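# Coordinates in review
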Amino acid sequence: SPAVRAAMLTALHNLKYEKIEDVIKRGMDDKDVSVRTTAVGLLNELDITKENLPAIVGPIFKKGTIQEQQQLLKVLGEMPLEKSEPVLDDLINQLSSKKLNPAITLDLIEAVDRTDSEKLTGKLTTLRPTGTTTDGFMETLYGGEGRTGRRYFLTNSTGQCARCHAVQGQGGTV
């Protein structure tokens, strides 16, 4: 089952399996999105060169699901900058030319922020919406998972959104 295959990837990683690279590659070719997403999340475990990284991540940004692309952006944000910078730079260029899927814009912004790269941050600054109205937060309107957001809104004790705000009659009133 996909859940077992995804758990196996994580378990083998935690056990420091000596052939983890082969396992991750197989996971990235799996027919199930949850297994592929788990495998993508382990990419940092591979010793991928700066030159080989675009060939590995390119197909995910071209054909992968939003979930896989979002997971990959998390990984890129944690990779050493000398490896991830060319890929992130290319994604910023795609965003600039409106060729990047809006569903991963927020994830790209967060990945770039995690790199602490002045070059990438500066390049992205001109593309970020500003302001305090809805226009300043347009990137947050895409790419999420509705059920997860609703559950967070209604039940998360940290956010406590529903304490003051209401959606479709559920929650408090400001």
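Description of the structure in this document. Every value quoted in this text rests on a predicted model; they were computed, and no experiment measured them.

## Things to note about the packing of helix α6 (residues 81-96) against helix α8 (residues 118-125)
Between α6 and α8, whose axes approach to 10 Å, the crossing angle comes to 10°. Judged by the angle between their axes, α6 and α8 are roughly parallel. Each of L81, E85, L88, D89, I92, N93 and L95 in α6 lies in contact with α8, whose residues at this interface are K119, L120, K123 and L124.

## A look at the packing of helix α1 (residues 2-14) against helix α2 (residues 20-28)
Where α1 contacts α2, the axes come no closer than 10 Å and their chain directions differ by 160°. When the interaxial angle is binned, α1 and α2 end up roughly antiparallel. Our pair here, α1 against α2, has a crossing hand that is left-handed. Here M8, L9, L12 and H13 of α1 come into contact with α2, specifically with I20, V23, I24 and G27. Counted by class, the contact of α1 with α2 contains 6 nonpolar, 2 polar and no charged residues.

## A few points about the pattern of salt bridges
Should their charged atoms come close, side chains of opposite charge can pair. Going through the model one piece at a time under the given rule, you end up with 5 salt bridges. K25 is paired through a salt bridge with E21; the nearest N and O atoms lie 3.0 Å apart. Of this pair, K25 and E21 are both found in helix α2, 4 residues apart, which corresponds to roughly one turn of the helix. Overall, the relative accessible area of 38% leaves E21 in the partly exposed class. We note a salt bridge from D47 to K83, for which the minimum N-O separation is 3.7 Å.

## What about unusual backbone geometry?
In this model, K16 sits at a positive phi of 55°, which is unusual for a non-glycine residue. Take K16: it is sitting in the loop between α1 and α2. The backbone of D116 shows a phi angle near 60°, a positive value even though the residue is not glycine. The residue D116 is located in the loop between α7 (105-115) and α8 in this model.

Calculation criteria
Residues numbered from 1 in each chain as written. Predicted model: local features only at pLDDT ≥ 70, side-chain atom pairs only at ≥ 80, totals over all residues. Heavy atoms only, no water. Axes fitted to C-alpha atoms, helices over the stretch in contact; angles between N-to-C directions. Helix = DSSP H or I, 4+ residues; strand = E, 2+ residues; numbered from the N terminus. Parallel < 35°, antiparallel > 145°, perpendicular 65-115°, else oblique. Contact = heavy atoms within 4.5 Å. Left-handed = near helix turned anticlockwise from the far one by under 90°. Nonpolar A, V, L, I, M, F, W, Y, C, P; charged D, E, K, R; others polar. Salt bridge = Lys/Arg side-chain N within 4 Å of Asp/Glu carboxyl O. Buried < 20%, exposed > 50% of the residue type's maximum accessible area, 1.4 Å probe, protein only.

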